[in-house]
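# Structural overview for review
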Amino acid sequence: YTLGGLKKISAEDLSQALTGKTYGAAFAVDDDAFVLGGATRPQDFATQMQVLAAYLAEPGWQSTGYDRLKGIYPTILSQLGSTPSGVFQRDSEALLRSGDARWKTPTAEQVAGSTIQTARALVEAALSRDPVEVIVVGDTT
């Protein structure tokens, strides 16, 4: 999601434009929500909020980041399978949910066959029907 940049700026150009700022933008899937989050320091709080708002309002959905992830995914799976903690990270979500297939780590073949358009449709459908919650934690003074 974040590797796809924004409508008007790529992820790489955004990173370069905000050199010197401490901010984060990460997308995750939770039990009942998509989560867009980040972490910063008090002096960069405004930048952090602007970045997250931009990703929510105008994600770029550029395929470059998605294609990059698809290319390295087999290596990620190999690394996860090489240590006990990696195997736990890879398998624990499904195991803790009675083997629910929605929480299984996708295979390399599943990821290779996926498209950015499918991911976009899922996220946009959720955003069109579900409320957006904003949670801020920490020193924002």
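Summary of the structure given here. Computed from a predicted structure; not experimentally measured.

Let us now look at the overall build of the protein chain. Regarding its fold elements, the protein chain presents six helices and two strands. Reading the protein chain from its N end, one meets helices and strands in the order α-β-β-α-α-α-α-α. Expressed along its principal axes, the backbone C-alpha trace of the protein chain runs to roughly 45 × 35 × 30 Å. Counting over 141 residues, the protein chain shows a buried share of 22%. Considering only residue pairs separated by 6 or more positions, the protein chain has 63% of its internal contacts joining residues 24 or more positions apart. Accessible surface computed for the protein chain: about 9600 Å², of which carbon and sulfur atoms make up 56%.

A few words now on a nonpolar patch on the surface. A contiguous nonpolar surface patch, about 490 Å² in accessible area, is contributed by Met49, Leu56, Leu127, Val132, Val134 and Val136. Within the secondary structure layout, Leu127 lies in helix H6 (residues 116–129).

Before going further, it helps to spend a moment on helix H3 (residues 63–80). Taking 1.5 Å per residue, 18 residues should reach 26 Å; H3 reaches 25 Å between its end C-alpha atoms and fits that length. Of all the bends in H3, the greatest, near 45°, is centred on Ile72, and the proline Pro74 appears no more than four residues after it. Residues Gly65, Tyr66, Tyr73, Leu77 and Leu80 constitute the buried set of H3. Structurally, H3 contributes buried residues whose contacts are with helix H4 (84–95), helix H5 (108–112) and H6.

Moving on: the pairing of strand S2 (residues 34–37). The two faces of a sheet get side chains in turn, since along a regular strand they alternate between them. In terms of strand pairing, strand S1 (residues 26–29) meets S2 through four bridges, oriented antiparallel. Bridge pairing in S2 links Val29 to Phe34.

What follows deals with the nonpolar core. Grouped together as the largest cluster of nonpolar side chains are six residues: Leu6, Ala11, Leu14, Leu18, Val51 and Tyr55. When residues of this core are traced back to their parent elements, those giving at least two are helix H1 (11–17) and helix H2 (45–57). Residues contacting Tyr55, with those up to four places away along its chain left out, are Tyr1, Thr2, Gly5, Leu6, Ala11, Leu14, Ala25 and Leu36.

What counts, and where the lines are drawn
Residues numbered from 1 in each chain as written. Predicted model: local features only at pLDDT ≥ 70, side-chain atom pairs only at ≥ 80, totals over all residues. Heavy atoms only, no water. Helix = DSSP H or I, 4+ residues; strand = E, 2+ residues; numbered from the N terminus. Buried < 20%, exposed > 50% of the residue type's maximum accessible area, 1.4 Å probe, protein only. Contact = heavy atoms within 4.5 Å. Areas by Shrake-Rupley, 256 points an atom, 1.4 Å probe, with all protein chains shown as cover. Patch = residues over 30% accessible without salt bridge, like charges linked within 9 Å, V, L, I, M, F, W, Y side chains within 5 Å. Salt bridge = Lys/Arg side-chain N within 4 Å of Asp/Glu carboxyl O. Expected span 1.5 Å × (residues − 1). Bend = angle between axes of the 7 residues up to and from the residue. Pairing = 2+ DSSP bridges. Core = buried A, V, L, I, M, F, W, Y, C linked by side-chain atoms within 4.5 Å.

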